[in-house]
Amino acid sequence: MKVLLFNGSGNEKGCTFTALATVAESLNKNGIETEIIQVGKHAISDCIGCGACRKLDGMCVFKDDIVNECIEKAKEADGFIFGSPVYYAHPSGRLLSFMDRLFYAGGSVFAYKPAAAIVSARRAGTTASLDAITKHFTINNMPVVSSNYWNMVHGNKPEQVMQDLEGLQIMRVLGNNMAWLLKCIEAGTAAGIVPVKEDKVWTNFIR
């Protein structure tokens, strides 16, 4: 089994990476393979709602960044962690643009696979940021993995995050809980217990 961890920070080895690496370490100890993917180093185009992905086998029409590469990787992955620093009480704009296109084009390869959001902040804005990221999961039939507190770490530098003992525990517990859920899903699937998918009902609210 494998979990992809997406780093939405422009700082490749900063606070968000430190938190993700802690989650990855817990997953590895549980026998789960991990890969941390740097999302935030370069600009990511916004989704323009063109719908071209419907004609491109779930691939985005924009091919100048890593979105399509990550959709391909997600096909073979079993779970996902999305991480971001907090900017003005919201996640990184790069991460949100990345996730909008990732889920709009490739949502079917993420459905029914567990996911979690983690954020890092100097001080505040964390719960609003977690909410913005997590909405991508809850619109796409994905089990949301929790920890023993909200999935956040605090610090302005990686060495400060390493002093946030509660935050580090939250990341470790999150990794353990993700591993547990993945193994439960694997056992359930082997026993023939799988989700029943309904066709989507679309309702527009108009005057």
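Above this text is the structure in question.
Everything numeric here is computed off the predicted structure, so don't read it as measured data.

> I'd like to hear about the nonpolar core, residue by residue, with values.
Counting 33 residues, the largest nonpolar core has Phe6, Phe80, Phe82, Phe98, Leu102, Phe110 and Phe137 as the members making the most contacts within it. Of all the secondary-structure elements, those providing two or more residues to this core are β1 (2-7), α2 (67-76), β3 (79-87), α3 (93-106), β5 (115-121) and α4 (126-138). When residues of this core are assigned to their parent elements, the largest contribution, six residues, is made by α3. Residues within four places of Phe6 in sequence aside, it is in contact with Leu20, Ile37, Val39, Cys70, Phe80, Ile81, Phe82, Gly83 and Phe98. Grouped together as the second largest cluster of nonpolar side chains are 22 residues, Val23, Ile81, Met178 and Leu182 included.

> I'd like to hear about helix α1 (residues 15-29), residue by residue, with values.
In a regular helix each residue adds 1.5 Å, so 15 residues correspond to 21 Å; α1 covers 22 Å between its end C-alpha atoms and thus fits that length. When α1 is considered as a whole, its buried residues turn out to be Cys15, Thr16, Thr18, Ala19, Leu20, Thr22, Val23, Ala24, Ser26 and Leu27. Directly after α1, the chain includes Gly31, whose backbone phi takes a positive value near 85 degrees.

> Describe the packing of α1 against helix α6 (residues 165-190), with residues and values.
Remark: α1 packs on α6, axes separated minimally by 7 Å, with the N-to-C direction vectors making an angle of 40 degrees. Considering their axes alone, α1 and α6 lie oblique with respect to each other. Read as a crossing pair, α1 and α6 show a hand that is right-handed. Counting all contacts with α1, which are made through Ala19, Thr22, Val23, Ser26 and Leu27, the residues of α6 involved are Leu168, Met171, Arg172, Leu174, Gly175, Asn176, Met178 and Ala179. In the contact of α1 with α6, the residues fall into eight nonpolar, four polar and one charged.

> An account of the pattern of salt bridges is requested, with residue identities and associated values reported.
According to the stated counting rule, one finds eight salt bridges in the structure shown. Here Glu72 makes a salt bridge to Lys75, at a shortest N to O gap of 3.2 Å. On the criterion of helical spacing, the pair formed by Glu72 and Lys75 is a turn pair, its members being three residues apart in helix α2. Here Lys135 makes a salt bridge to Asp131, at a shortest N to O gap of 2.3 Å. One end of the pair, Lys135, and the other, Asp131, are both in helix α4, four residues apart, so they sit about a helical turn from each other. Taken together, the salt bridges that share partners define one network made up of Lys2, Glu33, Glu35 and Lys73.

> Pulling in residues and values, what's your account of the pairing of β1?
Across the six residues of β1, five count as buried, placing the element largely inside the fold. Relative to strand β2 (residues 33-38), β1 runs parallel, the two being bridged by six bridges. Bridged to Phe6 within β2 is Ile37. In the sheet, β1 pairs with β3 via five bridges, with the strands oriented parallel.

> So what's going on with the environment of Gly106? Residues and values would help.
Along the polypeptide, Gly106 turns up in helix α3. For Gly106 and Cys60, which are 46 residues apart along the polypeptide, the C-alpha to C-alpha distance reads 8.0 Å. Setting aside chain neighbours within four positions, we find Gly106 in contact with Gly58, Ile71 and Arg101.

Rules behind the numbers
Sequence order as written defines residue numbering, which begins from 1 separately in each chain. Since the coordinates come from a predicted model, pLDDT governs what is reported: local features require at least 70, and pairs of side-chain atoms require 80 or more to be given and counted, while whole-chain, interface and lining totals use all residues. Values reported for side chains reflect all heavy atoms of the structure, with hydrogen atoms and water molecules removed beforehand. Among buried residues, those of type Ala, Val, Leu, Ile, Met, Phe, Trp, Tyr and Cys that are joined through side-chain atoms within 4.5 Å constitute a nonpolar core. To sort residues, take the accessible area from a 1.4 Å probe on protein chains only and compare it with the maximum for the residue type: under 20% means buried, over 50% means exposed, and anything in between is partly exposed. Strands here mean DSSP runs of E at least two residues long; helices mean DSSP runs of H or I at least four residues long; both are numbered from the N terminus. By the convention used here, residues are in contact when the closest approach between their heavy atoms is within 4.5 Å. Take the residue count of a helix, subtract one, and multiply by 1.5 Å to get its expected span. What counts as an axis is a line fitted to C-alpha atoms, over the stretch in contact for a helix, and the angles between N-to-C directions run from 0 to 180 degrees. Working definition: roughly parallel below 35 degrees, roughly antiparallel above 145 degrees, roughly perpendicular at 65 to 115 degrees, and oblique for all remaining angles. Each helix crossing is assigned a hand: it is left-handed if the near helix lies turned anticlockwise from the far helix by less than a right angle, otherwise right-handed if that turn is clockwise. Three residue categories are used. Nonpolar comprises Ala, Val, Leu, Ile, Met, Phe, Trp, Tyr, Cys and Pro, charged comprises Asp, Glu, Lys and Arg, and polar comprises the others, including Gly. When a carboxyl oxygen of Asp or Glu is within 4 Å of a side-chain nitrogen of Lys or Arg, the pair counts as a salt bridge. Paired strands, in this sense, are two strands between which DSSP finds at least two bridges.

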